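Report on the structure
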Amino acid sequence: MLDVFSGVVDLERAAPVSLYRQLYEQLRGAILDGRLPAGTRVPSSRAMAAQLGVARNTVLAAVEQLSAEGFLEARRGSGTLVSGQLSAGLTRAARKRSSGKRPAYSLSATGKRLASVIRTSDGGETPKPFMPGIPDTGAFPATIWARLLRRETQRLQPEALAYGWTAGHPRLREVLCAHLREMRGIQAGPEQIIVTSTAQAALDLLARALVDAGEKVWIEEPGYLGARAAFLGAGAELVPVRVDAHGLNPNGKHPRPRAIYVTPSHQYPTGRLMPLARRLELLDVAERHGAYVIEDDYDSEFQFQGRPVASLQGLDPEGRVLYVGTFSKILQPGLRVGYTVVPSALVDPLTRMQRNTGQIVPAAIQLALAAFIEEGHLRAHVRRMCTLYEQRQRVLAEGLSGLLDGQLGVEKPAGGMQLIAGLPEGWSDVEAVKALAARGVLARAVSGFYLGTAKRQGLLLGFAGYPSGAIEAGLKEIGGILPS
Ligand SMILES: Cc1ncc(COP(=O)(O)O)c(C=O)c1O
């Protein structure tokens, strides 16, 4: 009777998997692939333990688990047998399943669209010059944050520990509302704020909530790939609308949009500021079309000269502008907190959508953030970062002007975290990015931010996250690929 296990069980004492688990898995596998057919009698636990040289409890645990899962059954008078319900047909089917062909894993149309926009690699790379969009993560006040997070975690109330506050904890919404009114001129109550797990999550939420498949969405040309991905994911038809010196120009001839996406504070990637007249024009055009305006205000706090220009949302009495913000730039991307400010009528449906998609920010993080803002740490951090980033921008811009007799055409925005350097006539930015990558320097090709065919060539270079020494070293590498 013991022979039934020869070639079936082979335990490895040195393996990191327990003997119980090995025995269970090997017996289970042999039953599923038909080597132990239905009706096979299993030796007594004592006999099996002796034969395998393991403790009897190990065998008992494995047999008990297999019985609980229906692989074995105890029969009066006959001991334990392989379950009679596992016919040869069933185990043959299992064998076929285990022997080979995987399903094709074809993505849905939505999945394909969402995956079609390729952004940074997801390999957990350490940021290095001149990867754009990265703040100085080392400057993040980690000790203060850790203290607040610990304190707020200890104080969490039952409703925050359960399913409460899908759209954001009332305290964060309250504090954030006051902050946004003061810093960004937002006109809204705290209940109009929905906390999301990044600006990207907010864009995805708004796109899915407001845009039906086939509807047109105007996006900036060149523009932010994350927004492109969110609207594509919702099935939108993207309409690239040219960016000029004043940001998106809404006056051309374009098909009627359902929504218009803009980054008016620092157009991404050009860094241009949309002046008041253009903002009013944009609101006018949106009203004529009955379109929503989605304002992505991702890094407007970093303004080096004067105060940041107030948000577009604050200029809109009609509730046509849906505002999106994030703590990814002002603090750090790893925090993963963003938000959207929406008209009151949209709060309920969007809250339900949040609940149904599970894109909810942990309460302890929200409360630590509320305390961080309330205690003035956010303002102090922004002030420090503005000084630091302005200095880094200067090092980069001056360094670039010193290359190639100043022919690089550097555009220095009044704030933000990155700038664009033009390239010598006839150069391809994609080739330049490749040449820089071979020298260990990361830049983005400006042409990659265009949807249409007329593409400007240039390098998008982030400066905020890197000390001056690293920027200078990167500049040398840029100099190395230019004609001398
Ligand atoms: C225009 C723009 N919007 C939004 C974001 C990202 O925000 P989040 O990290 O919160 O998704 C970025 C980051 O690069 C950005 O450039």
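Computed from a predicted structure; not experimentally measured.

With that out of the way, let us pick up the overall build of the protein chain. Of the regular secondary structure elements, the protein chain holds 16 helices and 15 strands. Taken over the C-alpha trace, the protein chain has a radius of gyration of 30 Å; the compact-globule value for 484 residues is 23 Å, which it surpasses by more than 25%. A fraction of 73% describes how many contacts in the protein chain between residues 6 or more apart in sequence connect residues 24 or more apart. Element-wise, carbon and sulfur atoms account for 52% of the exposed surface of the protein chain, whose accessible area totals about 22,800 Å². Between the mean site of the 56 positive side-chain charges and the mean site of the 45 negative ones, the protein chain shows a separation of 7 Å.

Pairing in this open sheet of 4 strands is antiparallel, and the strands run β12-β13-β15-β14 from one edge to the other. The two strands at the open ends of the sheet, each matched to only one other strand, are β12 (410-411) and β14 (444-445). Packing against the sheet, helix α15 (residues 429-438) makes contact with β14 and β15 (458-462), and its axis sits at approximately 45° to β15.

Split into domains, the protein chain comes out as domain 1 (2-98), domain 2 (138-378) and domain 3 (380-481). Here domain 1 and domain 3 have C-alpha centroids that lie 64 Å from each other.

Let us look at the site of the ligand. Close to the ligand lie Thr198, Ala199, Gln200, Tyr224, Tyr261, Thr263, Tyr268, Asp296, Tyr298, Thr326, Ser328 and Lys329, which account for all nearby residues. At 2.7 Å from an oxygen atom of the ligand is found a main-chain nitrogen or oxygen belonging to Ala199. In this structure, Gln200 approaches the ligand through a main-chain N or O atom, which is 3.0 Å from an oxygen atom. Within the complex, the protein chains bury 89% of what would otherwise be the 400 Å² of accessible surface of the ligand. The residue inventory of the shell around the ligand, partitioned by class, reads 5 nonpolar, 5 polar and 2 charged.

Here we come to helix α11 (residues 276-289). The end-to-end C-alpha distance of α11 is 20 Å, a good match for the 20 Å that 14 residues give at a rise of 1.5 Å each. For α11, every residue scored as buried is listed here: Arg278, Arg279, Leu282, Leu283, Val285, Ala286 and His289. Take α11 and look down its axis: the buried residues cluster within an arc of 160°, on one side only. Facing away from the buried side of α11, by more than 90 degrees, are the exposed residues Leu276, Ala277 and Arg288. Looking at the buried positions of α11, the neighbouring elements they touch are β5 (216-221), β6 (237-244), β7 (247-248), β8 (259-262), β9 (292-296) and β10 (321-326). Immediately downstream of α11, the backbone of Gly290 shows phi near 65°, a positive value.

In this section: the environment of Gly479. By secondary structure assignment, the location of Gly479 is in helix α16 (residues 468-481). Classification of Gly479 by relative accessible area gives partly exposed; the value is 28%. Sequence separation of Gly479 and Leu403 is 76 residues, and the distance between their C-alpha atoms is 6.3 Å.

All right, on to the nonpolar core then. Grouped together as the largest cluster of nonpolar side chains are 65 residues, with contacts concentrated most on Phe327, Leu331, Leu369, Leu396, Leu400 and Leu461. When we break this core down by domain, the ones giving at least three residues each are domain 2 (138-378) and domain 3 (380-481). Leu331 has contacts with Pro135, Phe140, Leu369, Phe372, Leu378 and His381, leaving out every residue within four places of it along the chain. Of all hydrophobic cores here, the second largest spans 38 residues; its members include Ile194, Ala202, Val446 and Phe449.

Another aspect to go through is the environment of Gly138. Structurally, the position occupied by Gly138 is in the loop between α5 (109-116) and α6 (142-154). Considered as a pair, Gly138 and Tyr466 are 328 residues apart in the sequence and their alpha carbons are 9.6 Å apart.

Let's shift gears to the side chain of His266. Its location among the elements puts His266 in the loop between β8 and α11. Reaching out from His266, the side chain makes a polar contact with the side chain of Gln303 at a distance of 3.1 Å. When neighbours within four sequence positions are excluded, His266 is seen to be in contact with Gly271, Arg272, Tyr298, Asp299, Ser300, Phe302, Gln303, Gly415 and Gly416.

So, about the pattern of salt bridges. Inspection of the entire model under this criterion finds 22 salt bridges. Measuring nitrogen to oxygen at the nearest pair gives 2.9 Å for the salt bridge that ties Glu73 to Arg75. According to the relative accessible area criterion, Glu73 is partly exposed, its value standing at 23%. Residue class for Arg75 comes out partly exposed when judged on its relative accessible area of 40%. The partner of Asp244 in a salt bridge is Arg278, and the shortest N-O contact between them spans 2.9 Å. Residue Asp244 is located in strand β6, and its partner Arg278 is located in helix α11; the two are separated by 34 residues in the primary sequence. Counted as one network, the salt bridges with shared partners bring together Arg151, Glu152, Arg155, Arg171, Glu374 and Glu375.

A few words on the packing of helix α9 (residues 199-210) against helix α10 (residues 225-233). Closest axis-to-axis distance for the α9/α10 pair is 8 Å, and the angle between their directions is 30°. Two packed elements cross with a definite hand, and for α9 against α10 that hand is right-handed. Contact with α9, carried on its side by Gln200, Leu203, Asp204 and Ala207, involves Gly226, Ala227, Ala230 and Phe231 of α10 and no other residues of that element. When its residues are assigned to classes, the contact of α9 with α10 shows 5 nonpolar, 2 polar and 1 charged.

The rules we used
Residues numbered from 1 in each chain as written. Predicted model: local features only at pLDDT ≥ 70, side-chain atom pairs only at ≥ 80, totals over all residues. Heavy atoms only, no water. Helix = DSSP H or I, 4+ residues; strand = E, 2+ residues; numbered from the N terminus. Rg over C-alpha atoms; globule rule 2.2 N^0.38 Å. Contact = heavy atoms within 4.5 Å. Areas by Shrake-Rupley, 256 points an atom, 1.4 Å probe, with all protein chains shown as cover. Lys, Arg positive; Asp, Glu negative; His and termini not counted. Charge placed at Lys NZ, Arg CZ, Asp CG, Glu CD. Pairing = 2+ DSSP bridges. Axes fitted to C-alpha atoms, helices over the stretch in contact; angles between N-to-C directions. Domains from an automatic or database assignment. Near = heavy atom within 4 Å. Polar contact = N/O pair within 3.5 Å; in protein donor to acceptor, adjacent residues only side chain to side chain. Nonpolar A, V, L, I, M, F, W, Y, C, P; charged D, E, K, R; others polar. Expected span 1.5 Å × (residues − 1). Buried < 20%, exposed > 50% of the residue type's maximum accessible area, 1.4 Å probe, protein only. Arc of directions from axis to C-beta. Core = buried A, V, L, I, M, F, W, Y, C linked by side-chain atoms within 4.5 Å. Salt bridge = Lys/Arg side-chain N within 4 Å of Asp/Glu carboxyl O. Left-handed = near helix turned anticlockwise from the far one by under 90°.

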